[in-house]
Amino acid sequence: MLKRIIAVPGDSFDVKDSLGGMWWVNHKPVLDPSGNPLRIPPNRKGMVLMYVRQFKGLLPEGMVLVSASQSHMHDSSLFGPIPIKQLLGKAIPAPELGP
């Protein structure tokens, strides 16, 4: 599965429910590759808010948040922060993905 890392250790994270359930990282909205706000599916907002409270809005050492390309896919809005040790493969900067 291809996932996009949207937050790394030490980043602050939150969901802005008043703005349609958008991911916010380091006090800025997270945008998808098209430049649109990355929204959390309505049925997952409660889970994300639970992770925000659990980690006090700060991503702990050794953890990342990942996003899927489609809202119904498995990502951190479903299973929360994941340990970096569980990542497989290599990181590819978005510009290298091409059209």
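Notes on the structure in this doc start here. Quick caveat: nothing in here was measured; it's all calculated off a predicted structure.

## Some details on the pairing of strand β5 (residues 63-67)
Link 1 in the chain: Of all five residues in β5, five are buried, a share of seventy percent or more.
Link 2 in the chain: Alternating positions in β5 separate into two faces, M63, L65 and S67 on one and V64 and V66 on the other, with burial throughout.
Link 3 in the chain: Pairing of β5 with strand β6 (residues 82-83) involves two bridges; the strand directions are antiparallel. Bridge pairing in β6 places V64 opposite I82.

## Here's the deal with the sheet that holds β5
Link 1 in the chain: Within the open sheet, the three strands sit side by side as β1-β5-β6. Their pairing is antiparallel. With one partner strand each, in any of the chains shown, β1 (4-7) and β6 form the two edges of the open sheet.

## Notes on the pattern of salt bridges
Where side chains of opposite charge bring their charged atoms close, a pairing between them can arise.
Link 1 in the chain: As enumerated under the stated definition, the model contains two salt bridges in all.
Link 2 in the chain: With a shortest N-O distance of 4.0 Å, D14 and K16 are connected by a salt bridge.
Link 3 in the chain: On the accessibility criterion, K16 (29% relative accessible area) is partly exposed.
Link 4 in the chain: Ionic pairing is found between D75 and R44, a salt bridge with its closest N-O pair at 3.5 Å. Taken together, the residues D75 in the loop between β5 and α2 (76-79) and R44 in the loop between β4 (28-29) and α1 (45-54) connect sequence positions 31 residues apart. For the pair formed by D75 and R44, the shared burial category is buried.

## With respect to the sheet that holds strand β3 (residues 22-25)
Link 1 in the chain: Spatially, the three strands line up as an open sheet ordered β2-β3-β4, and their pairing is antiparallel. The open sheet is flanked by β2 (13-16) and β4, the only strands paired with a single partner.
Link 2 in the chain: With four bridges joining them, β2 and β3 adopt antiparallel strand pairing. Pairing of D14 across the sheet is with W24, part of β3.

About the criteria used
Residues numbered from 1 in each chain as written. Predicted model: local features only at pLDDT ≥ 70, side-chain atom pairs only at ≥ 80, totals over all residues. Heavy atoms only, no water. Buried < 20%, exposed > 50% of the residue type's maximum accessible area, 1.4 Å probe, protein only. Helix = DSSP H or I, 4+ residues; strand = E, 2+ residues; numbered from the N terminus. Pairing = 2+ DSSP bridges. Salt bridge = Lys/Arg side-chain N within 4 Å of Asp/Glu carboxyl O.

Functional significance is not addressed by these values, which are geometric in nature.
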